[in-house]
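# Overview (structure and organization)
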Amino acid sequence: MLPRVISLAALIAVWAVAAALAQSRLLPGPLTIAAATLAEIRSGELPFQMACTLARVVGSFAIAMLLGTLGGYAMGRSKAADRFADSWLVVLINMPALVIIIFAYIWIGLNETAAILAVAINKLPNVIVVVREGARALDAEIDEMAKAFQFGPSKRIRHVVIPQLAPYLAASSRSGLSIVWKIVLVVELLGRPNGVGFVLGSAFSLFDMARILSYAICFIVLMLVIESLLVQPLERRANRWRRRPT
Amino acid sequence: MNDALTAGDAAPLELRIDAKSFLSADGTPVEVVRDFQLRLEAGSFGALIGPSGCGKTTILRIAAGLDTDFRGQLRTPGARRLGMVFQEPRLLPWRTVEDNIRLALPVHQSDVDLTELFETLGLGSHLARYPGELSLGLARRAGIARAFAIRPDFLLLDEPFVSLDEAVASRLRSELTALTTRTRVTTLLVTHHLEEAVQLADRLFFLSDRPARIILEKMLPPPRETRSADVIASISQEMRALVARAVTGIVQS
């Protein structure tokens, strides 16, 4: 913990020195940014824009995880499904995020559905690939046990399949969350009237560095908080049984 | 009434396998079982004995209904409830011992009292542990408890004591004898270990090499609960001689 605090403090110190030397509107110092951030929070502007972005992140993340888990499971379990959908997957993986966003806005319109879908589709192939690996690795012997003891579908999914997929789901949600955050900003920049991406876009056209920095920093902090309060505890819970007494 | 260890409705087990083949790696079919026929009276304990790799486990999987790709017939009563003990305990590593056993219970049976079953198998103080923390012997006990917890009409055991210390295995065998006698469940055991079969079963079926079929069927004198080590040894010796003669008979004919 302490080394991390020292390293962060050093980063801020470097920034402060650089800003003091530059004396430029294009590189405001940490104190200026802190003041600007506080003002943005007090006015309610920053919380509102962050909430808009967060809602899009949650929506597209949920859609991508749900569809990706279903698709990845199907492709991992059925050779036919894998052979059929694999080339689609390759196309999707190699499609630039920007192209998917533009398609979504053109075909669906400049609206919330298009924005959320565009992000979800960008994230989807990654979830499919990871969950497919997990579905391929499912233990056939345990499966047979569940069959012999006549586990119904819901018991099988809850107690046999999900626990085995959990590490794969955790891995893909971890890497996925950071992809989704980043793409949501691009989607907002290109076609939404609110959200952090939109704010950054308009600040860019005004060369408002103070605003860009304070949003960027708040954004990073929010991501870290979500990661440590939500993702990590869930991962720990899913892996509880792996702990061995020493 | 709600105790897992009361006698259930035992049922006879009838299995006929005319032919069962697998596809080998190069795509040619390999016949594993041929002209196999077995009938176990309700409440009896049968043992299939044969060399490793002769197809015993295949027969057991067919009897369990896990493999339906064979020519022949599996006849078991309509409402069959199957308890199975596998060679590897096959517990869910992410659930505790008690959860593993309770998860196997059908919904309408979820309030059944398992205390006595746990005590009989010496699991009482290990219920909150995870399978990864158990010795092989304890994991096997948990597997056996799971099979009995559901009050099975049939019990299928696939080499349940293999690679255990002989002392541990022998104790587990007596516990198994006590449980099967008490619940009067129709049981089929697969093993390559003759003494084990003689200690446990009241009917022995000896299998040939692949493709497996029964070369000798033998009833053992009751009661099986009280066979001493000497009796087991002398019956086993007698059986070895009989099997040797049966095999020579096949070769000559």
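The shown structure was predicted, so the numbers you read here are calculated from the model rather than taken from an experiment.

## Brief notes about the overall build of chain B
Helices and strands together make up the secondary structure of chain B, namely seven helices and nine strands. Compactness check: chain B gives a C-alpha radius of gyration of 18 Å against a globular reference of 18 Å for 253 residues, within 12% of the reference. Looking at chain B as a whole, 40% of its 253 residues qualify as buried. Within chain B, contacts between residues separated by at least 24 positions form 76% of all contacts whose residues are at least 6 apart in sequence.

## What about the environment of Asp143 of chain A?
Residue and element names in this part refer to chain A. Within the secondary structure layout, Asp143 lies in helix α7 (residues 140-148). For the pair Asp143 and Arg56, spaced 87 residues apart in the sequence, the C-alpha separation amounts to 37 Å. With sequence-adjacent residues up to four places away left out, Asp143 is seen in contact with Leu138 and Val160.

## Quick word on the packing of helix α5 (residues 97-108) of chain A against helix α8 (residues 153-191) of chain A
Residues and elements named next belong to chain A. At their nearest, the axes of α5 and α8 sit 11 Å apart, and the two run at 45° to each other. With respect to α8, the axis of α5 lies oblique. Of the two possible hands of crossing, α5 and α8 adopt the one that is right-handed. For the pair α5 and α8, contact is made by Ala97, Leu98, Ile101 and Tyr105 and by Ile183, Val186, Val187, Leu190 and Gly191, respectively. Of the residues in the contact of α5 with α8, the class split is eight nonpolar, one polar and no charged.

## Quick look at the interface of chain B and chain A
By a frequent convention, interface size equals the accessible area lost on bringing the separate parts together. Taken together, the contacts link 17 residues of chain B with 13 residues of chain A. Looking at the side of chain B that touches chain A residue by residue, the classes come out as 12 nonpolar, one polar and four charged.

## Some thoughts on the sheet that holds strand β6 (residues 154-158) of chain B
Whenever strands of a sheet pair, they do so through backbone hydrogen bonds, lying parallel or antiparallel. Residue and element names in this part refer to chain B. With respect to topology, six strands assemble into an open sheet ordered β5-β6-β7-β3-β8-β9, the strand pairing being mixed. Since the sheet does not close on itself, it has two edges, and those belong to β5 (82-85) and β9 (214-219), each with one partner. Shown here is a sheet whose adjacent strand axes are inclined to one another by a mean of 15°, direction ignored. With four bridges connecting them, β5 and β6 associate as parallel partners. Each bridged residue has a counterpart across the sheet, and for Gly83 the counterpart in β6 is Leu155. Against the sheet, helix α4 (residues 136-149) contacts β5 and β6, and its axis sits at roughly 175° relative to β5.

## Overview of the nonpolar core
If you look at the biggest cluster of nonpolar residues, it comprises 72 residues, and the most contacted ones within it are Ala47, Ile59, Ala63, Ala145, Leu156 and Leu204 of chain B. If one sorts the elements of this core by residue count, α4 of chain B sits on top with seven residues. When neighbours within four sequence positions are excluded, Ala63 of chain B is seen to be in contact with Leu13, Leu15, Leu74, Leu156 and Leu188 of chain B. Core analysis: the next-biggest nonpolar cluster, separate from the first, contains 38 residues, Ile116, Leu117, Val131 and Phe198 of chain A among them.

## Some points on the sheet that holds strand β2 (residues 29-40) of chain B
Residues and elements named next belong to chain B. The strand order across the open sheet formed by three strands is β2-β1-β4, and the pairing between neighbours is antiparallel. On the outer flanks of this sheet lie β2 and β4 (71-75), each paired with one strand and no other. Strand-to-strand, the axes of this sheet are offset by a mean angle of 20°, without reference to chain direction. Across the sheet, helix α1 (residues 56-63) is in contact with β1 (13-23), β2 and β4; its angle to β1 comes to roughly 125°.

## Notes on the confidence of the model for chain B
Counting all residues, the mean pLDDT for chain B is 85, and 94% of those residues have values of 70 or more. Reported for the predicted complex are a pTM of 0.80 and an ipTM of 0.85.

## A look at unusual backbone geometry
Glycine aside, negative phi is the norm for most residues, and most peptide bonds take the trans geometry. All names here are of chain B. Cis peptide bonds are those with omega within 30 degrees of zero, and the linkage from Arg210 to Pro211 qualifies with -10°. Mapped onto the secondary structure, Pro211 falls in the loop between β8 (203-207) and β9. In this model, Glu159 sits at a positive phi of 45°, which is unusual for a non-glycine residue. Position of Glu159 among the secondary structure elements: in the loop between β6 and α5 (166-183). A positive phi is found at Arg184, a non-glycine position, where the angle reads about 50°.

## Regarding the pairing of β1 of chain B
Residues and elements named next belong to chain B. In the sheet, β1 pairs with β2 via 10 bridges, with the strands oriented antiparallel. Opposite Leu15, over in β2, you have Leu38 as the bridge partner. Taking the residues between adjacent antiparallel strands as the criterion, β1 and β2 are bridged by five residues, where Gly27 takes a positive phi near 90°. The pairing of β1 with β4 spans five bridges and is classified as antiparallel. Bridging from a neighbouring strand, Ile17 pairs with Gly72 of β4.

## Here's the deal with α1 of chain B
Residues and elements named next belong to chain B. Burial of α1 is extensive: seven of the eight residues sit out of reach of the surface. Listed in full, the buried residues belonging to α1 are Lys56, Thr58, Ile59, Leu60, Arg61, Ile62 and Ala63. Just beyond α1, the residue with positive phi is Gly65, at close to 80°.

Analysis parameters
Residues numbered from 1 in each chain as written. Chains lettered and ligands numbered in written order. Predicted model: local features only at pLDDT ≥ 70, side-chain atom pairs only at ≥ 80, totals over all residues. Helix = DSSP H or I, 4+ residues; strand = E, 2+ residues; numbered from the N terminus. Rg over C-alpha atoms; globule rule 2.2 N^0.38 Å. Buried ≥ 20, exposed ≤ 12 C-beta atoms within 10 Å, placed from the backbone. Contact = placed C-beta atoms within 7 Å. Axes fitted to C-alpha atoms, helices over the stretch in contact; angles between N-to-C directions. Parallel < 35°, antiparallel > 145°, perpendicular 65-115°, else oblique. Left-handed = near helix turned anticlockwise from the far one by under 90°. Nonpolar A, V, L, I, M, F, W, Y, C, P; charged D, E, K, R; others polar. Pairing = 2+ DSSP bridges. Core = buried A, V, L, I, M, F, W, Y, C linked by C-beta atoms within 7 Å. pLDDT = per-residue confidence, 0-100.

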